[in-house]
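Examining the three-dimensional arrangement
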Amino acid sequence: MSIPFIDLKTQYRQIENRIKDNIETVLEHGAYVMGPEIGELETRLAEYTGVSRAVSCSSGTDALLMSLMALGVGPGDAVFTTPFTFIATAEVVALLGATPIFVDVDPVTYNLDADDLRRKIRHVKENRKELTPKGVIAVDIFGQPADYDAIEPLAHNSGLFLLVDAAQSFGATYKGRSVCSLGDLACTSFFPAKPLGCYGDGGMVFVNNEELHKLLVSIRVHGMGSHKYDNDRLGLTARLDSIQAAVLLAKFEIFPDEIAKRQEVANRYAELLSRVDGLTPPSVPEGNVSVWAQYCVLARDSEQRAEVMAKLSEASIPTGIYYPKPLHLQKTFASLGYKEGDFPVSEDVASRIFALPMHPYLTAEDQETIVKVIEG
Ligand SMILES: *Cc1c(COP(=O)(O)O)cnc(C)c1O
């Protein structure tokens, strides 16, 4: 039997009846848009993450876009973020006419390097007078929290907002606190492959500030005012579907258990991989919990990565590279004027990293098989 990269079928078998019942309920009540499941999901996930409000929406990308719109980001603003992330993180900045300013990552966690963030904020203040430093987007790459105790004061002491891109890290904790409760706003994604995924696209914004909450709710539906056909500002069509909320409510019931299972899988990988020369398994600082959106291993060099991936491919074991090209080298950002060598850690990691199958239902036997193939 082949080993899937992410096993959503086995998960479905665990909760098939609950999912079908929840979807059936939506089909019966007929409130396909903003039905009762939406409020229920928002309340449940706000409670779980420890924030006062959660605003569901159509994707992780739209969660980020809505957040930046609520924070008033526009042309002339500089927003600091990592180049070692999915395109959406910086894309939303540019979509609003603002300028992404990249900051290199830490070589162990692959998250924003606070020292480089300090340097880049100072550099923009001193040398880019045409730009207004406006905010920081920290990403919890592969499900592991960024270093918020170092990043938050750097942002706030400079008068910048801190937005948490928790698209890969819903359920992760930083020193005992949910990552979705950190920063001024936190965003997650319910894309099927994320740790908590629906059966289509979906996302959510987590917030404690009432004013921002009101703005997000308005922006989600065309900048709606107090009356349905009052439009106070520009907005989007960015609602989550009731059916997707119904799926998420069913999946959320087993989510804490799945996080525990993910830790077992990650621990087992780390132990098995210690047998292989040249491979560095991921490491999570003491006191933090990753949700292992991806299990990414660093090879000695790009040659070893190619060899290992070829062996696994021959054995029909899927792998992936997250991410092969840092954002500062993407064609879409050519106008920002970055070049190869600008972010040495991100570029080095991109050339050596690869992901192994990772999901809560991965068996010890399958993990043994995977590592034996790597060794062979
Ligand atoms: C997946 C992802 C997003 C975007 O989420 P979508 O739901 O696919 O729009 C944003 N940021 C990061 C880091 C992601 O991994």
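As the structure is a prediction and not an experimental result, all values here were calculated from the model.

A separate point is the site of the ligand. Near the ligand, the surroundings consist of 15 residues, among which Gly 60, Thr 61, Gln 168, Ser 189 and Lys 194 are the closest. One of the side-chain N or O atoms of Ser 189 is found 2.6 Å from an oxygen atom in the ligand. Between the ligand and the protein, one listed contact pairs an oxygen atom with a side-chain N or O atom of Lys 194 at 2.7 Å. The protein chains hide 93% of the 380 Å² of surface that the ligand would expose on its own. Among the detected pockets, the ligand sits in the largest pocket. Considering each element in turn, the shell around the ligand owes the most residues, three residues, to helix H3 (residues 60-70). Of the residues contributing to the shell around the ligand, the split by class is five nonpolar, eight polar and two charged.

By way of backbone hydrogen bonds, the strands of a sheet pair with one another, either parallel or antiparallel. Here seven strands make up an open sheet; going across it, the order is E1-E9-E8-E5-E4-E2-E3 and the pairing mixed. Because the sheet does not close on itself, it has two edges, and the strands there are strand E1 (53-57) and strand E3 (99-102). With strand direction ignored, the average angle separating the axes of adjacent strands in the sheet is 25°. By the bridge criterion, five bridges tie strand E4 (residues 132-139) to strand E5 (residues 161-165) in an arrangement that is parallel.

Turning next to the domain arrangement of the chain. When cut into domains, the chain gives domain 1 (8-252) and domain 2 (255-375). On a C-alpha basis, the centres of domain 1 and domain 2 stand 24 Å from each other. Tallying the contact residues gives 44 residues for domain 1 and 35 residues for domain 2. When the two sides are added together, the surface that domain 1 and domain 2 hide from each other amounts to roughly 3100 Å², 65% of it contributed by carbon and sulfur. Seen at the junction of domain 1 and domain 2, the total is zero salt bridges. Summed over the shared surface of domain 1 and domain 2, the result is 15 residue pairs in polar contact (both at pLDDT 80 or more). Looking at which element gives the most residues to the side of domain 1 that touches domain 2, the answer is E3, with four residues. Looking at the side of domain 1 that touches domain 2 residue by residue, the classes come out as 24 nonpolar, 14 polar and six charged.

The rules behind each value
- Residues numbered from 1 in each chain as written.
- Predicted model: local features only at pLDDT ≥ 70, side-chain atom pairs only at ≥ 80, totals over all residues.
- Heavy atoms only, no water.
- Near = heavy atom within 4 Å.
- Polar contact = N/O pair within 3.5 Å; in protein donor to acceptor, adjacent residues only side chain to side chain.
- Areas by Shrake-Rupley, 256 points an atom, 1.4 Å probe, with all protein chains shown as cover.
- 1 Å grid on protein atoms, 1.4 Å probe; cavity = no way out; pocket = protein on both sides within 12 Å on 5 of 7 lines; lining within 4 Å.
- Sits in = over half its atoms within 2 Å of the grid points.
- Helix = DSSP H or I, 4+ residues; strand = E, 2+ residues; numbered from the N terminus.
- Nonpolar A, V, L, I, M, F, W, Y, C, P; charged D, E, K, R; others polar.
- Pairing = 2+ DSSP bridges.
- Axes fitted to C-alpha atoms, helices over the stretch in contact; angles between N-to-C directions.
- Domains from an automatic or database assignment.
- Contact = heavy atoms within 4.5 Å.
- Buried area = accessible area lost by both parts, 1.4 Å probe.
- Salt bridge = Lys/Arg side-chain N within 4 Å of Asp/Glu carboxyl O.

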